[in-house]
Each structure stands twice: as structure tokens, then as C-alpha cells.
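Each chain, written out:
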Amino acid sequence: RCAGRVEVQHGGQWGTICDDDWGLPDAVVVCRQLGCGDALAAPPGAWFGEGSGPIWLNGLRCRGTEERLVLCRHRGWRPHVCAHEEDASAVCSGGLQYPTPCPRSRGPAPALTPASLPGGPTVRLVGATGRCAGRLEIFHAGHWGTVCDDLWGLQDAAVVCRQLGCG
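This is a predicted model, so every value here is computed, not measured. (Residues numbered from 1 in each chain as written. Predicted model: local features only at pLDDT ≥ 70, side-chain atom pairs only at ≥ 80, totals over all residues. Heavy atoms only, no water.)

Draft legend 1. Quick look at the pattern of salt bridges. Using the criterion set out here, one finds 6 salt bridges in the structure. Arg5 is the partner of Glu7 in a salt bridge, and the nearest nitrogen-oxygen pair spans 2.8 Å. Grouping residues by exposure puts Glu7 and Arg5 together as buried. If you follow the salt bridges from partner to partner, you end up with Asp21, Arg61 and Arg75 in one network. (Salt bridge = Lys/Arg side-chain N within 4 Å of Asp/Glu carboxyl O. Buried < 20%, exposed > 50% of the residue type's maximum accessible area, 1.4 Å probe, protein only.)

Draft legend 2. Region of the structure containing the pairing of strand β1 (residues 3-10). For β1, the tally of buried residues reaches 6 of 8 residues, placing the bulk of the element in the interior. In the sheet, β1 pairs with strand β5 (residues 89-92) via 3 bridges, with the strands oriented antiparallel. Paired with Arg5 across the two strands is Ser89, which belongs to β5. Across 4 bridges, the pairing between β1 and strand β2 (residues 13-17) is antiparallel. Paired with Gln9 across the two strands is Trp14, which belongs to β2. (Helix = DSSP H or I, 4+ residues; strand = E, 2+ residues; numbered from the N terminus. Pairing = 2+ DSSP bridges.)

Draft legend 3. Representation of the nonpolar core in the model. Membership of the largest hydrophobic core comes to 22 residues, with the highest contact counts inside it found for Ile17, Trp22, Val30, Leu60 and Leu69. Broken down by secondary-structure element, the contributors of at least two residues to this core are β1, α1 (24-34), β4 (55-57) and β5. Per-element tally for this core: the top contributor is α1, with 5 residues. Among the nonpolar cores identified, the runner-up in size contains 5 residues, and Val123, Leu125, Leu136 and Leu164 belong to it. (Core = buried A, V, L, I, M, F, W, Y, C linked by side-chain atoms within 4.5 Å.)

Draft legend 4. Spatial organisation of the state of the cysteines. A full pass over the atoms with the stated rule returns 4 disulfides. Here Cys2 is linked by a disulfide to Cys36, with a sulfur-sulfur distance of 2.2 Å. Disulfide Cys2 to Cys36: torsion about the S-S bond roughly -70°, handedness left-handed. Taken as a pair, Cys2 in the segment before β1 and Cys36 in the loop between α1 and β3 (39-41) lie far apart in primary sequence, 34 residues in all. For the pair Cys2 and Cys36, one class covers both residues: buried. Disulfide pairing places Cys31 opposite Cys92 at an S-S distance of 1.9 Å. Around the S-S axis, the bridge from Cys31 to Cys92 shows a dihedral of about -85° and counts as left-handed. (Disulfide = S-S within 2.5 Å.)

Structure below.
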């Protein structure tokens, strides 16, 4: 829930955000609004896969201090000339922090959508006791498969642990 492609709902329809000008301050606001802790990265180039439907926002320019994405500067709510290969993503620390309620309308809330299996995990650990240990598997094209360990390191393992909420 705290890492994935960033999608926003506008006019009752979900769409993506173009990664033009996308950066860590934008991810900071997304993570804050979702109650997902600190922003760790703002990967460009459809890092979590390409979305579908409209690309609602482009040229997002958050300062990182905004409480909600709707308060950041952008080029307007409309379909933009941007390909889904440029969908913005965010990786948050995953430490669940509840946002402060706001008496005014919150506007469209962003969502982080894992590309391979919307609404569900894209990675899992199997073959060991507990959910935070085991062999890494990834869900892709409708099937679970293993991950080759070539060039695999502690930093990679840390990302998986954060994604699974295992610390």
C-alpha cells in the first residue's frame, strides 16, 4: 500500500500523474496524505508499471510541505500529452501515520497502485516461518515466480522488507 504508481481520482475517474518535474518533494506529499510515513524515493518512468486511462496531472511542483497533493502547483486537471511510460511513482517508508483530519474538502486523494496486481501484493516471501522471511517471489503477468539473485544485495532486501511492512 505504501509503494507504487501514483494515481488520483478526478471527476469520478482514476488516472495517473506524468513524471515531468516529478521529484522527492512530490512523493513526500503523497506519502504524507496516504499516512505512509516518509518518502524514500520518487522513481520516474513507470517504475511500477504503466497505468491506463487519463493522465490527470503534469508538471506537479510540490514544495514538500503541503498536506495534500491538490495543494501543489501543476498544469491543471485535464488529460495531458504524456505517455503512460512516464507515470510517476512513490516509495514510502510504510510507517503508518494517520493524517490530521481537515474540516474542509480534502480534494482528490492519491493512491499507490502496484502495477501487476491492483489492490494486492506484488511480492511475497515463501518457504519459511512467518511472513517476513523466506524466498522472494514476484507476481507478474498473472503468475508468481522467483527472483534471480544476480547482483542482489542488502539494499534490495531492505526495499522488499519495507514493501511488506517488515521493517
